[in-house]
Amino acid sequence: MAQAEMTETGNGGPGDRRTGPRVRSLLDRWRGDPGIWKRGLVLAGFAVLIALLMIFHAQIPNRIGNLGSLTETFLPWLGVFVPVILVVALVRRSATALIALLVPLIVWLNLFGGLLTGKSGASGGNLTVATHNVNADNPDPQGPARKVAASGADVLALQELPGSQVSTYEEALAGTYKYHSVQGTVGLWSKYPMSDTRAVDIRLGWTRAMRSTVTTPAGEVAVFNAHMPSVRVKLNAGFTANQRDNSADALGEAIAREPIRRTVLLGDLNGTMNDRSLNAVTSQMRSTQGAAGDGFGFSWPAGFPMARIDQIMVKGVEPVSSWTLPRTDSDHLPIAARIKM
C-alpha cells in the first residue's frame, strides 16, 4: 500500500527513479555525439527558408502565376512545418536544426500569435452583422438562411443567390427582417430601415456587389455586400486571380468614395487579409476577426476550413467581437460580428 502511494505522488517514487536515468542517459548521448552539430544542416536550411518566406512574403512576385497571392492566402499554414521539423530534428539528433527551428517559430508567433488569444468582448456593441455565401447549388436554400438569421444578426448579407431562388430566401427571412433588397446575386436583409440602396459596379458586367444606408438606433451606417470573382489554381496558369484583383480595386474605390463615415463591408472576397491584391480594400478597413475575434476564423472550405476568404470589415466603428457560425449546407461557413457604433 505504501509503495502504491509513493508511485502515485511522484515524489521520489520508483517511476521517478526510472525516468531520471533515462533523461540523463539521453542527454549524455547527445553531449557525447560528435555529429550533433554536423547533422541536419539541410533541415536547418529548410527551417530558415520557411522563416524567410513568412518575413518576405510581400516580395514574392505575382508575375508568375500570382505565386505571391497564393502564398499569402495560406500563409498561416507555413507554421505546420515547425512541428514537422522538430520531430525530424529530434529523430536525427541535430542540435543545429533545433536551434534553426527557433527562427520560423519566432516569426510565426510574431505574425499570427495574436490570433491564438481570445479578443472578443463578453458584452458591448449595438449592431450585430453576419454574412454567408449560401452556394448557388445549395439543395436546401431556406436552411442556411434561417440558421444564419438565428444568430441574432441585425443586418444579414447573402451571396450566390440564384434568381430562381430569391423568393425562397425572401420567404425564409420575412419573419425576421422587415427590410431587404437583392441586387443581382447578392442581397441585404435588415431589421432597420434601408435607403439609398443600389448596385456597386465592380467591373464584372453583372451585379455581384451592392451598398445600402441602414438607419440604426445609433445612427446611419453604410453597408456593402460584395462577392469577388472566384480564383483558381491551374497547373498551366498558376493562381488565376486577375478578375478578382480588378474587382477588388473597383470595390476599394467605391468604399473610398462613400460619404458616410461609418462603413461595414460584408461578403465573400475570395481572398484573405494577407493577400496584397486586396490592398485597395484592406488598406482602408479593419478586419473584425483580426481586431476582436477568437482564433483564425477560417471559413472555407466548410468541410476543413483552411482560409478566411469571407470577411467582415469596418471603418468608423469599433469591432467588439467576431466569430464563425455553425456549418450549413454551403461550402462556406457563415461568419458574424458585433460592433459598436
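As the structure is a computational prediction, the values presented were derived from the model and not from experiment.

**Q** Is there a simple way to explain the overall build of the protein chain in this structure?
**A** Scanning the protein chain from N- to C-terminus turns up 11 helices and 14 strands. Taking all 341 residues of the protein chain together, 48% fall into the buried category. A fraction of 68% describes how many contacts in the protein chain between residues 6 or more apart in sequence connect residues 24 or more apart. When the accessible surface of the protein chain is summed, it comes to about 16,200 Å², and 58% of that surface belongs to carbon and sulfur atoms.

**Q** What should I look at first to understand the sheet that holds strand β7 (residues 219–227) in this one?
**A** The strands making up a sheet are joined through hydrogen bonds of the backbone, oriented either antiparallel or parallel. If you walk across this open sheet you meet the six strands as β5-β6-β7-β10-β12-β11, and the pairing is mixed. Looking along the sheet, the strands with just one partner apiece sit at the ends: β5 (194–199) and β11 (286–287). Of the strand pairs in this sheet, β11 and strand β12 (residues 310–315) are connected by two bridges, and their pairing is antiparallel. Note that in β12 the partner of S287 across the bridge is M313. Along the sheet, helix α9 (residues 242–257) contacts β7, β10 (263–268) and β12; its crossing angle with β7, the most-contacted strand, is approximately 175°.

**Q** Can you help me understand unusual backbone geometry in this one?
**A** Working note: non-glycine residues mostly have negative phi, and peptide bonds are mostly trans. A cis amide bond links W300 with the next residue in sequence, P301, at an omega value of -10°. Within the secondary structure, P301 is located in the loop between α11 (288–292) and β12. Even without being a glycine, N135 presents a positive backbone phi close to 75°. Its relative accessible area of 17% is what places N135 among the buried residues.

**Q** Teacher, can you tell me more about the confidence of the model for the protein chain here?
**A** Interpretation of this model should avoid reading the predicted coordinates in detail wherever pLDDT is low. Per-residue pLDDT for the protein chain has a mean of 88; in total, 86% of the residues score no lower than 70. Below pLDDT 50 for its whole length, residues 1–10 participates in seven contacts with residues either more than four positions away or in separate chains.

**Q** Can you walk me through the nonpolar core in this structure?
**A** One broad trend across soluble globular proteins is that nonpolar side chains are buried collectively. Counting 21 residues, the largest nonpolar core has L127, V155, L188 and L266 as its most contacted members. Listed by contribution, the elements that provide at least two residues to this core are β1 (127–133), β2 (155–159), β4 (186–190), β6 (209–216), β7, β10, β12 and β14 (335–340). Among the elements that take part in this core, β14 stands out by supplying three residues, more than any other. Ignoring anything within four residues of it in the chain, the contact list for L188 reads V155, L156, A157, Y179, H180, S181, M194, M210, S212, V223, N225 and L266. Counting residues in hydrophobic clusters, the runner-up holds 20 residues, among them A248, A250, L251 and L269.

**Q** Any chance you could explain the packing of aromatic side chains here in plain terms?
**A** Aromatic ring pairs are defined here through the distance separating the ring centres and the angle between the ring planes. This structure, assessed with the given rule, holds seven aromatic pairs. Seen from their ring centres, W77 and F298 are 5.8 Å apart, and the 25° between their planes marks the pair as stacked. Here F298 lies in the loop between α11 and β12 and W77 lies in the loop between α4 (67–73) and α5 (81–92), a separation of 221 residues in the sequence. The class for W77 is partly exposed, based on a relative accessible area of 27%. For F298, a relative accessible area of 18% gives the class buried. With a centroid separation of 5.2 Å and 25° between ring planes, the pair formed by F296 and F298 is classed as stacked. Members of the aromatic cluster, each reached through a chain of ring pairs, are W77, W108, F112, F296, F298 and F304.

**Q** How should the sheet that holds β1 be read in this particular structure?
**A** The strand order across the open sheet formed by six strands is β3-β4-β2-β1-β14-β13, and the pairing between neighbours is mixed. The sheet terminates laterally at β3 (179–183) and β13 (318–324), the two strands that pair on one side only. Direction aside, neighbouring strands of the sheet carry axes that sit 15° apart on average. Pairing of β1 with β2, which is carried by five bridges, proceeds in the parallel orientation. Following the sheet pairing, H132 is matched in β2 by L158.

**Q** Which parts of the structure should I look at to understand the packing of α5 against helix α6 (residues 95–112)?
**A** What describes two packed helices is the angle between their axes and the distance between those same axes. Two elements in contact, α5 and α6, have axes separated by 10 Å at closest approach and are oriented at 175°. Judged by the angle between their axes, α5 and α6 are roughly antiparallel. Side by side, α5 and α6 meet where V82, I85, L86, A89 and L90 of the first sit next to A97, L98, L101, P104 and L105 of the second. Within the contact of α5 with α6, the residues separate by chemical class into 10 nonpolar, no polar and no charged.

**Q** Can you walk me through helix α7 (residues 142–149) in this structure?
**A** Because an α-helix packs 3.6 residues into every turn, residues spaced three or four apart end up facing the same way. Counted residue by residue, α7 has six buried out of eight residues, so it is predominantly covered. Where α7 is concerned, the buried positions are Q142, G143, P144, A145, V148 and A149. Elements in contact with the buried residues of α7: β1, β2 and α8 (166–173).

**Q** I would appreciate a short explanation of a nonpolar patch on the surface in the present structure.
**A** On the surface, a cluster of nonpolar side chains totalling about 710 Å² of accessible area is made up of W37, I99, L102, L105, I106, L109 and L116. Inspection of the secondary structure puts L102 in helix α6. For L102, a relative accessible area of 46% gives the class partly exposed.

Parameters and conventions
- Residues numbered from 1 in each chain as written.
- Predicted model: local features only at pLDDT ≥ 70, side-chain atom pairs only at ≥ 80, totals over all residues.
- Heavy atoms only, no water.
- Helix = DSSP H or I, 4+ residues; strand = E, 2+ residues; numbered from the N terminus.
- Buried < 20%, exposed > 50% of the residue type's maximum accessible area, 1.4 Å probe, protein only.
- Contact = heavy atoms within 4.5 Å.
- Areas by Shrake-Rupley, 256 points an atom, 1.4 Å probe, with all protein chains shown as cover.
- Pairing = 2+ DSSP bridges.
- Axes fitted to C-alpha atoms, helices over the stretch in contact; angles between N-to-C directions.
- pLDDT = per-residue confidence, 0-100.
- Core = buried A, V, L, I, M, F, W, Y, C linked by side-chain atoms within 4.5 Å.
- Phe/Tyr/Trp six-rings, centres within 6.5 Å; stacked < 30°, edge-to-face > 60°.
- Parallel < 35°, antiparallel > 145°, perpendicular 65-115°, else oblique.
- Nonpolar A, V, L, I, M, F, W, Y, C, P; charged D, E, K, R; others polar.
- Patch = residues over 30% accessible without salt bridge, like charges linked within 9 Å, V, L, I, M, F, W, Y side chains within 5 Å.
- Salt bridge = Lys/Arg side-chain N within 4 Å of Asp/Glu carboxyl O.

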